[in-house]
Amino acid sequence: MRTFLTLLGMLLVLSGCASPKERMTARLSRTAEEGKILYGHQDDPAYGHAWLVTDWESDRLERSDVKDVSGRYPAVVGFDLGGIELGDSCNLDGVPFGLMRKATLAQLDRGGLVTFSWHPRNPLTGGDAWDISSDQVVKAILPGGEKHSEFQVWLERAAAFFASLGDAPVIFRPWHENLGSWFWWGGKLCKAEEYIALYRYTWTFLTQEKGLKNLLWCYSPNGPLPAELFLSRYPGDDCVDLLGTDIYEYPGAGESLRAAGERYAGEVRAMLATLQTLGAAHGKLICLSETGFEGLPDPQWWTGVLYPAIQGSGICYVLTWRNAHDKPGHFYAPWKGFENENDFKQFAEKEDIILL
Ligand code: BMA
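Residues numbered from 1 in each chain as written. Predicted model: local features only at pLDDT ≥ 70, side-chain atom pairs only at ≥ 80, totals over all residues. Heavy atoms only, no water.

A. Structural context of a nonpolar patch on the surface. On the surface, Leu92, Trp130 and Trp182 cluster together to form a nonpolar patch covering roughly 300 Å² of accessible area. The partly exposed category is assigned to Trp182, whose relative accessible area is 37%. (Patch = residues over 30% accessible without salt bridge, like charges linked within 9 Å, V, L, I, M, F, W, Y side chains within 5 Å. Areas by Shrake-Rupley, 256 points an atom, 1.4 Å probe, with all protein chains shown as cover. Salt bridge = Lys/Arg side-chain N within 4 Å of Asp/Glu carboxyl O. Buried < 20%, exposed > 50% of the residue type's maximum accessible area, 1.4 Å probe, protein only.)

Here it is in structure tokens:
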């Protein structure tokens, strides 16, 4: 199925009739078919370990922890829209939306890819995305619900941001990690049909009502999960372009680094094999939409754990989470001077791992 899509994509691209979204899709299909994987890092141009862009309008946005270490930029940059729903000028981690727009266009010019997640506030309680005090939130924002018109305003604001990117093709993966129960749209916080209605409403609003044709939609539950569970809240082939999953390494109490690494790698491999089967059956690209090991305590995490877990998996990209500028231990990519930076360099130099 994917080969067919790649051929179709190539034909469209060759005929000059392809849209920016179709060209990006064809490029990602080709990447995956060649067994190559784009490497990505969340918030990479906005800040890194102990540094932060303070004047994004005059800054050239050329700094990057990944580039400082490897000499190249990540092929994928991730950003989060959390806060856009309130009309804020910066997201929940202090990243200006103006910077995101500028960096997104620069990343695409460079030949890269950009993906957006969204940790919106809780529209019923006013709390944050992690406020799981009510299981009525999704119901309240769907059509007929008491917060529906407010939610439409939230979607308007997200749509206006995407519209401001012009025809730039970017990935959007709303309502992620939805089979865990740590966000208000999580597994125990709404019924399957409510979740599906939420995803589909978001898709319809942005693509049909607002006419946004350049979004590549990613459905990315937390993993690992069996296929049946993954599909239990799948919004439908018509509103999904990529199947993703978020999986992190967390050592259990008393678990050695080696055992934790083996367990994580096994979970990633199994989940990506599931995605590969589902991707082939549904004609979708697949990706490891978020991953990492906070603080990188394993000196060989990149070459010894992550690489063997994703090599040959058929994913088109992998994205590691952010390097907070203000929380010294909260980082998922190395920075210049980090003791194990060589391991990342070796990973970045693998023939099948793409940086820019
Ligand atoms: C989490 C942490 C938080 C952050 C959130 C959204 O995983 O990194 O500090 O606010 O993602 O980016």
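B. Local environment of the site of the ligand. What surrounds the ligand is the set Leu92, Asp93, His119, Trp130, Trp321, Arg322, Lys327 and His330. A distance of 2.8 Å separates an oxygen atom of the ligand from a polar atom in the side chain of Arg322. His330 has a polar side-chain atom sitting 2.6 Å from an oxygen atom of the ligand. Calculation on the ligand without its partners gives an accessible area of 310 Å², and the protein chains cover 79% of this total. When the residues that make up the shell around the ligand are grouped by side-chain class, the tally is three nonpolar, two polar and three charged. (Near = heavy atom within 4 Å. Polar contact = N/O pair within 3.5 Å; in protein donor to acceptor, adjacent residues only side chain to side chain. Nonpolar A, V, L, I, M, F, W, Y, C, P; charged D, E, K, R; others polar.)

C. Inspection of the pattern of salt bridges at higher detail. The tally for this structure, following the rule as stated, stands at 13 salt bridges. For Glu262, the salt bridge is made with Arg258, and the minimal N-O distance between the two is 3.3 Å. Of this pair, Glu262 and Arg258 both sit in helix α9 (residues 257-282), four residues apart, which is roughly one turn of the helix. For Arg258, a relative accessible area of 64% corresponds to the exposed category. Here the salt bridges do not stand alone but share partners, grouping Arg173, Asp246 and Glu290 into one network. (Helix = DSSP H or I, 4+ residues; strand = E, 2+ residues; numbered from the N terminus.)

Purely geometric numbers; function is a separate question.
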